[in-house]
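Commentary on secondary and tertiary structure
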Amino acid sequence: MSAKVSDYLLHRLREWDVTHVFAYPGDGINGLLAAWGRADDDPQFIQSRHEEMSAFEAVGYAKFSGKVGVCAATSGPGAIHLLNGLYDAKLDHVPVVAIVGQTNRSAMGGSYQQEVDLLSLFKDVASDYCEMVTVPEQLPNVLDRAMRTAQARRTVTALIIPADVQELDYAPPQHAFKMVPSSLGAPAYAPVPADEEITRAAELINAGEKVAILVGQGARGAREEVKQLAGTLGAGVAKALLGKDALPDDLPYVTGAIGLLGTRPSYELMRDCDTLVVIGSSFPYTQFLPEFGQARAVQIDIDPFMVGLRYPFEVNLVGDARETLLRLLPQLKPRDNGSWRETVEKNTARWWEVMERRAAVEAEPVNPEFVVHALDALLPDNAVVTADSGSAANWYARHLRLRGSMRGSLSGTLATMGPGVPYAIGAKFAHPGRPAIALVGDGAMQMNGLAEMITAAKYHREWQDPRLIVAVLNNQDLNQVTWEMRAMSGAPQFLPSQSLPDVPYAEVAHSFGLGGVRVTKPDGVVAAWQQALAADRPFVIDFRTDPAVPPIPPHATLDQIEAAAASVLKGDSDRAGMVRQGFKAKIQEMLPGSAKHRRSGEEGR
């Protein structure tokens, strides 16, 4: 029996070392599904509950494996469903290849069932490379370029294969006119800036005294070099959310996350520095960077299209972070500015004390900050942590200290709801021997997470370490938007849009054959985490948390907290479990300038 186009496609994916394809079936890829059967499920077909989840799982797999993630879907509605996950990959610069079916070539242009103009549909999300395979000889070149482009440019690419083409006998491209032969492989490369640009950057940095470093995910491969840079310059290091695992949080000069979800010492680091070095980050919020004219700045990024953004950088170095730093470090003068580093470390240590106090604040029924703060000390050394968008991302950013080889990520740029659980599933296929923990809100769990626990139930026996723990911060509120409304427009909670039903998440998990427990009191939090971490299967913890715990920005003032708290009390006083005046008072005690801080000698923070 001759090999079909679909057979060769799977063969070529295996040659590219693709071991998993996250997908959902449909008749637009029936030829490909038949080929999977003939190939003994190699690469493995990972069946999600929805094509958007397939794309998110491919993103999670790519983020945590460093390899290209591959997803597949049928024509029409299946292809459409992939889009949100693919945009998440594109905006976070994650290499993902989408393979989608299409109606037969003979039906194209005839308003046929499920016919969608897929080239136009994918034109933006797969703008670097999107092609339709119309003859067998075209396939290897199109697939190879899709894989190579996704990897080299850290982006999304797409292959569209009509259903009838999948069933054709495969024929390779010939040594002939208008044939395009192809080859495998994406050679590793590490571009470096010109020597004179390195020297310019060194001169600028050497002229400064109070150096701040901001790292993103692009600095992950330069961990030791960033440590050496911070040590040479006596600098503090802040991290964009996508770079949370780029540098350990237990280093005393690492100030943690930056931005609306960031920490006070990161805010202070940027407020007071005179020199800024940004490595592998496109952090978007200019207001959290130094004032214009305050600091001279250097940027290092591998992508020439991403330099010069966000801040008036004087020197932009285009190159691999590690190789660029290896060339920059010998030209830098060691600093004798102990007072700057001492201040950074002192501010950071105080911040963690504040986090401990915030976690200890009584709430009704459970303080969500305590839920995540309690996990911090219990995290396994090799844990992979994901967070969903919403208020859960605040607590992930502020309370978890990723240490050693721990990994973590979320939807950094698109900030879409729903990737927390599928990211964790993708991580489990990337690292089946490591525990995965997803922090999600109840809105995200209801949107996507519940159904994907069926996927976890389907596959967990294949994982060396079966632990996939989903912590649901169940406050019956779309909490992040509720607080944004209060902070930005002083509006009380609008219940028709914000209120969520109370779902028995642990009981649902039990019905899938998984572990689960509901926690309604603070004294059950640690025990629930311990139970989940000791489980022999995926586990859902339903934490019943207080929706009135505010995600306080790092630069918040007492007046802003007063306004937000007043809004809560004004609009929600008749709702069970809402904030009490005493909670507001305790939050005020934690802020800079409070009487408690002054008594502790913490004025000026």
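Above this text is the structure in question.
Keep in mind that this is a model prediction, so the values were computed, not measured.

Per the secondary structure count, the protein includes 24 helices and 18 strands. Here the C-alpha radius of gyration of the protein, 25 Å, is about what a compact globule of 605 residues would show, namely 25 Å. Referenced to the eigenvectors of the C-alpha coordinate spread, the extents of the protein come out at roughly 85 × 65 × 45 Å. Residue burial in the protein is summarised as follows: out of 605 residues, 59% are buried.

Tracing the sequence through the fold places Gly420 in helix H16 (residues 420-430). Judged by relative accessible area, Gly420 falls into the buried class, the value being 0%. Put simply, Gly420 and Gly60 are 360 residues apart on the chain and 9.0 Å apart in space, counted from C-alpha to C-alpha. In this structure Gly420 touches Thr386, Ala387, Asp388, Ala438 and Val440, once residues within four positions along its chain are discounted.

The next subject is the packing of helix H14 (residues 368-378) against helix H15 (residues 391-399). In the contact formed by H14 and H15, the axes pass within 9 Å of each other and the chain directions differ by 40 degrees. As the angle between them shows, H14 and H15 are arranged oblique. The way H14 lies across H15 gives a crossing that is right-handed. Residue-level inspection shows Pro368, Glu369, Val372, His373 and Asp376 of H14 in contact with H15, the latter providing Trp395, Tyr396 and His399. Residue composition of the contact of H14 with H15, by class: four nonpolar, two polar and two charged.

Attention shifts here to the sheet that holds strand E16 (residues 468-474). Ordered in space as E14-E13-E15-E16-E18-E17, the six strands form an open sheet in which the pairing is parallel. Of all the strands in the sheet, the pair left with one neighbour each is strand E14 (407-409) and strand E17 (515-519). Adjacent strand axes in the sheet meet at a mean angle of 15 degrees when their direction is disregarded.

What follows is about the side chain of Asp546. Looking at where Asp546 falls in the secondary structure, it is placed in the loop between strand E18 (539-544) and helix H22 (558-572). A polar side-chain atom of Asp546 sits 2.8 Å from the main-chain amide nitrogen of Glu364.

This part takes up the nonpolar core. Judged by nonpolar contacts, the single largest core of 56 residues is most densely connected at Leu86, Val96, Phe122, Met445 and Val470. Sorting elements by how many residues they give to this core places helix H3 (residues 51-65) first, with eight residues. Other than its neighbours up to four places away in sequence, Val470 contacts Val421, Ala438, Val440, Met445, Met453, Phe539, Val540 and Ile541. Counting residues in each nonpolar core, the second largest holds 38 residues, with Ala383, Leu400, Met406 and Leu439 among its members.

A few words now on the packing of helix H1 (residues 5-15) against helix H2 (residues 30-38). Interhelical geometry of H1 versus H2 gives an angle of 60 degrees and a closest axis separation of 8 Å. Between H1 and H2, the interaxial angle falls into the category oblique. Our pair here, H1 against H2, has a crossing hand that is right-handed. Within the contact between the two elements, H1 uses Ser6, Asp7, Leu9 and Leu10 and H2 uses Gly31, Leu32, Ala35, Trp36 and Arg38.

It is worth spelling out a negative patch on the surface at this point. Taken together, the side chains of Asp40, Asp41, Asp42 and Glu462 make up a negatively charged region of the molecular surface. Within the element layout of this structure, Asp41 appears in the loop between H2 and strand E2 (44-47). Residue classification places Asp41 among the partly exposed residues on the basis of a relative accessible area of 35%.

Bringing the packing of aromatic side chains into the picture now. One pass over the structure, following the stated rule, counts eleven aromatic pairs. An aromatic cluster is present here, built from Phe22, Tyr61, Phe429, Tyr459 and Trp463 joined pairwise through their rings. Taking NZ or CZ as reference, Lys244 lies 5.4 Å from the ring centre of Tyr396, over its face. Sitting over the face of the ring of Trp352, Arg401 holds its NZ or CZ atom 4.4 Å from the ring centroid.

Our next topic: the side chain of Thr263. Within the secondary structure, Thr263 is located in the loop between strand E9 (254-257) and helix H11 (264-272). Assessed through its relative accessible area of 2%, Thr263 is described here as buried. Here Thr255 takes part through its backbone oxygen, which lies 2.6 Å from a polar atom of the side chain of Thr263. In contact with Thr263, not counting residues within four places along its chain, are Thr255, Gly256, Ala257, Trp351 and Pro554.

All of the buried residues along helix H12 (residues 321-328) are Ala321, Thr324, Leu325 and Leu328. End-on view of H12: buried residues confined to an arc of 95 degrees, all on one side of the axis.

Definitions and cut-offs
Starting afresh in each chain, residues are numbered from 1 along the sequence in its written order. Reporting of local features is limited, given that this is a predicted model, to residues whose pLDDT is at least 70; pairs of side-chain atoms are given and counted only at 80 or more, and all residues count toward the totals for whole chains, interfaces and linings. Processing note: side-chain calculations cover all non-hydrogen atoms of the structure and skip hydrogens and water entirely. A helix here means a DSSP run of H or I that spans at least four residues, while a strand means a run of E at least two residues long, and both kinds are numbered starting from the N terminus. In this description the radius of gyration comes from C-alpha coordinates, and the expected globular size is given by 2.2 Å times residues to the power 0.38. Each residue is placed in one exposure class: buried if its accessible area under a 1.4 Å probe, protein chains only, is under 20% of its type's maximum, exposed if it is over 50%, and partly exposed if it falls in between. Whether two residues are in contact is decided by their heavy atoms, any of which lying within 4.5 Å being enough. Fitted lines through C-alpha atoms give the axes, limited to the stretch in contact for helices. The angle between two N-to-C directions lies from 0 to 180 degrees. Any angle between 65 and 115 degrees counts as roughly perpendicular, while under 35 counts as roughly parallel, over 145 as roughly antiparallel, and the rest as oblique. Whether a crossing is left-handed or right-handed is set by the direction in which the near helix is turned from the far one by less than a right angle, anticlockwise for left-handed and clockwise for right-handed. Think of it as three bins: nonpolar holds Ala, Val, Leu, Ile, Met, Phe, Trp, Tyr, Cys and Pro, charged holds Asp, Glu, Lys and Arg, and polar takes everything else, Gly as well. We treat two strands as partners when DSSP finds at least two bridges between them. N or O atoms closer than or at 3.5 Å make up a polar contact, with two conditions inside protein: a donor-capable atom paired with an acceptor-capable one, and, for residues adjacent in sequence, both atoms drawn from side chains. Put simply, a nonpolar core is a bunch of buried Ala, Val, Leu, Ile, Met, Phe, Trp, Tyr and Cys residues held in one set by side-chain atoms that sit within 4.5 Å of each other. Surface patches are drawn from residues lacking salt bridges whose relative accessible area is over 30%; two like charges belong together within 9 Å, two nonpolar side chains (Val, Leu, Ile, Met, Phe, Trp, Tyr) within 5 Å. Note on areas: Shrake-Rupley, 1.4 Å probe, and residue coverage restricted to the protein chains presented here. A pair is scored as a salt bridge if a Lys or Arg side-chain nitrogen falls within 4 Å of a carboxyl oxygen belonging to Asp or Glu. Residues scored as positive are Lys and Arg, those scored as negative are Asp and Glu, and His as well as the terminal groups of each chain are ignored. Lysine's charge is taken at NZ, arginine's at CZ, aspartate's at CG and glutamate's at CD. A pair of Phe, Tyr and Trp rings is counted when the ring centres sit within 6.5 Å of each other, with Trp represented by its six-membered ring. The angle between the planes then sorts it: under 30 degrees is stacked, over 60 is edge-to-face, the rest tilted. Over a ring means this: the NZ of a Lys or the CZ of an Arg is within 6 Å of the ring centre and within 35 degrees of the ring normal. Each C-beta atom gives one direction from the helix axis, and the arc is the one those directions make.

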